[in-house]
Amino acid sequence: MKIGFITTHQYRNFGTFLQCYALQYVLESLGHEVEIIDYRRKEYQRGKIERLRIWLGNIRRYPVKNLRKVQNCIRTIKRNRLFQIFYFQYFHLSSESYATFDELKSHPPVYDLYIAGSDQIWNPSLNGFIKAYFLTFVPEGKKTSYAPSIGITSLNEVQKRQFAILLSDYQHISCREKTGVQLLNECGIKNVVQVVDPTLLLPSSFWQSLAKKSSLSSKDNYGLAYFLSCDEEKEHIVASLYHMLKRFDLTMDNTCNSQSILAAGPCEFLSLIRNADFVCTDSFHGVVFSVIFQKEFYALPRHRLDSANSQNSRIIDFLNDLGLEERWITQPLLSRIPIHYTDANIKLQNRIKHSFDYLNRMLYD
């Protein structure tokens, strides 16, 4: 069967790249011909010269604010190069790329099965309702989804109507989080299945082999901090955990200090988690790969708990599913706490089996 799936495959984020590769790999391992539909959202279409012009313009207008960006220029270039290498080495893209939704709708790629997912492609506060991510360009055919995330905890009435309309002709619908399933049920959409993130469909040994391709030299006895948003409160919560232990800070922030690890791509991300003594993170995939590598970890809120657009539910739902809710911390800890993975692994394997059952129905019904 020839399958095309659509996701945010160009956004240079560790989890974005790895979930995309995972879904492609799993489908191919099941014997299918698989392509990532090469839809390029407007914000990813700028050429190198235009990006450089914008970057230099910002530095000229805000020289003090952007001084760190200049200092980190070489490391940023290396990071982007590592993402680019991964992109061209591992992603199997559609033969035609689409610069706009109109192009996609006018000349849609032809597949036996179309999949929306995964990642936060259905998050209305993050992306709005991007028609391409709901497969509205498909004139006819088998529309399905695998593990898209809505990401937030509530929908207004307008958003509910949008979801009901956009998903009305799907043959199979799944979501990554329990909260997402509940929200779609509130939209009147039934038979929504909760499945695991595609990265969890592959064994730890698969990811370890990729981690070994890291450009970073392996180190021992360190704690890893990977935060998508940083503030003093998070630092206060985790500060005591790093006492008497080397700390590495992984970041995507070009204004970071020189001690942070900025020149890292997907393989480096995997290696840093795999080799860490423990991990502190507010990233969903930071938590996921900590579980995959059976690491001691601590999950912190990425957004204010009372924020309407908070994406915290993605992590909270995952931890609750595995019985690891105590790893969610919002107050300082006096000491590190080990994890006993036996029960969590049993729960995870049951969810993986359930997800493969859904995949088989999606592919062969």
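Residues numbered from 1 in each chain as written. Predicted model: local features only at pLDDT ≥ 70, side-chain atom pairs only at ≥ 80, totals over all residues. Heavy atoms only, no water.

K.L.:
How should the nonpolar core be read in this particular structure?
P.N.:
Side chains that are nonpolar tend, in soluble globular proteins, to be buried together. Counting residues in each nonpolar core, the largest one holds 70 residues, and the members touching the most others are Tyr-146 and Trp-207. Per-element tally for this core: the top contributor is helix α1 (residues 14-29), with nine residues. In this view, Trp-207 contacts Leu-18, Ala-22, Thr-199, Leu-202, Leu-270, Phe-289, Ile-292 and Phe-293; residues no more than four positions away in its chain are not counted. Among the nonpolar cores identified, the runner-up in size contains 33 residues, and Leu-104, Ile-121, Ile-173 and Val-192 belong to it. (Core = buried A, V, L, I, M, F, W, Y, C linked by side-chain atoms within 4.5 Å. Buried < 20%, exposed > 50% of the residue type's maximum accessible area, 1.4 Å probe, protein only. Helix = DSSP H or I, 4+ residues; strand = E, 2+ residues; numbered from the N terminus. Contact = heavy atoms within 4.5 Å.)

K.L.:
Can you walk me through the pattern of salt bridges in this structure?
P.N.:
Pairing of side chains with opposite charge becomes possible as their charged atoms draw close. All chains considered together, the criterion is met by 14 salt bridges. Salt-bridge contacts for Glu-235 lead to Arg-247; the nearest nitrogen and oxygen are separated by 2.8 Å. Residue Glu-235 is found in helix α9 (residues 232-238), and its partner Arg-247 is found in strand β9 (residues 246-250); the two are separated by 12 residues along the sequence. Exposure remark for Arg-247: the relative accessible area of 26% places this residue in the partly exposed category. Between Arg-336 and Glu-296 there is a salt bridge, with the nearest N and O atoms lying 2.9 Å from each other. (Salt bridge = Lys/Arg side-chain N within 4 Å of Asp/Glu carboxyl O.)

K.L.:
Is there a simple way to explain the packing of aromatic side chains in this structure?
P.N.:
Aromatic ring pairs are reported here in terms of the distance separating the ring centres and the angle at which the planes meet. For the structure shown, the criterion picks out 34 aromatic pairs. Consider the rings of Tyr-39 and Tyr-133, whose centres lie 6.2 Å apart with planes at 85 degrees: the pair is edge-to-face. Note that Tyr-39 is positioned in strand β2 (residues 33-39) and Tyr-133 in the loop between β4 (113-116) and β5 (143-145), a separation of 94 residues in sequence. Ring geometry for Phe-134 versus Phe-163: centroids 5.8 Å apart, planes at 65 degrees, classification edge-to-face. You can see Phe-134 sitting in the loop between β4 and β5 and its partner Phe-163 sitting in helix α6 (residues 157-166), a full 29 residues away along the chain. Taking the relative accessible area as the measure of exposure, Phe-134 reaches 0% and is therefore buried. Looking at Phe-163, the relative accessible area reads 0%, which means it is buried. The ring of Phe-284 carries Arg-176 above its face, with NZ or CZ at 3.9 Å from the centroid. Sitting over the ring of Tyr-298, Arg-327 keeps its end group 4.7 Å from the ring centre. (Phe/Tyr/Trp six-rings, centres within 6.5 Å; stacked < 30°, edge-to-face > 60°. Lys NZ or Arg CZ within 6 Å of the ring centre and 35° of its normal.)

K.L.:
Explanation requested: the packing of α1 against helix α10 (residues 266-275) in the structure shown.
P.N.:
When two helices pack together, their arrangement is given by the angle between their axes and by how far apart the axes lie. Interaxial distance between α1 and α10 falls to 9 Å at its minimum, and their mutual angle equals 100 degrees. Considering the angle they form, α1 stands roughly perpendicular to α10. The segment α1 lies against α10, with Phe-14, Phe-17 and Leu-18 engaging Pro-266, Phe-269 and Leu-270. (Axes fitted to C-alpha atoms, helices over the stretch in contact; angles between N-to-C directions. Parallel < 35°, antiparallel > 145°, perpendicular 65-115°, else oblique.)

K.L.:
I'm lost on the environment of Tyr-87 in this one. Help?
P.N.:
By secondary structure assignment, the location of Tyr-87 is in helix α4 (residues 73-90). In this view, Tyr-87 contacts His-9, Gln-10, Phe-17, Asp-38, Arg-40 and Leu-93; residues no more than four positions away in its chain are not counted.

K.L.:
Looking at this model, I keep getting lost on the sheet that holds β2. Mind explaining?
P.N.:
Strand order in the open sheet made by the five strands is β3-β2-β1-β4-β5, with parallel pairing throughout. This sheet does not close on itself; its edge strands, each paired only once, are β3 (93-98) and β5. Neighbour-to-neighbour, the strand axes of this sheet turn through a mean angle of 25 degrees, independent of strand direction. Two strands pair when backbone bridges link them, and β4 and β5 are joined in this way by three bridges, in the parallel orientation. Looking at the pairing, Tyr-114 lines up with Lys-143 of β5. (Pairing = 2+ DSSP bridges.)

K.L.:
Would you explain the sheet that holds β9 in this entry?
P.N.:
Consider a sheet: its strands pair through backbone hydrogen bonds, and that pairing is either parallel or antiparallel. Spatially, four strands are ordered β9-β8-β10-β11 in an open sheet, and the strand pairing comes out parallel. Single-partner strands in this sheet number two, and they are β9 and β11 (296-299). Within the sheet, the average angular offset between the axes of one strand and its neighbour, ignoring direction, is 20 degrees. Pairing of strand β10 (residues 278-281) with β11 involves four bridges; the strand directions are parallel. Looking at the pairing, Phe-278 lines up with Glu-296 of β11. α10 rests against β8 (222-226), β9 and β10 of the sheet, and its axis sits at about 135 degrees to β8.

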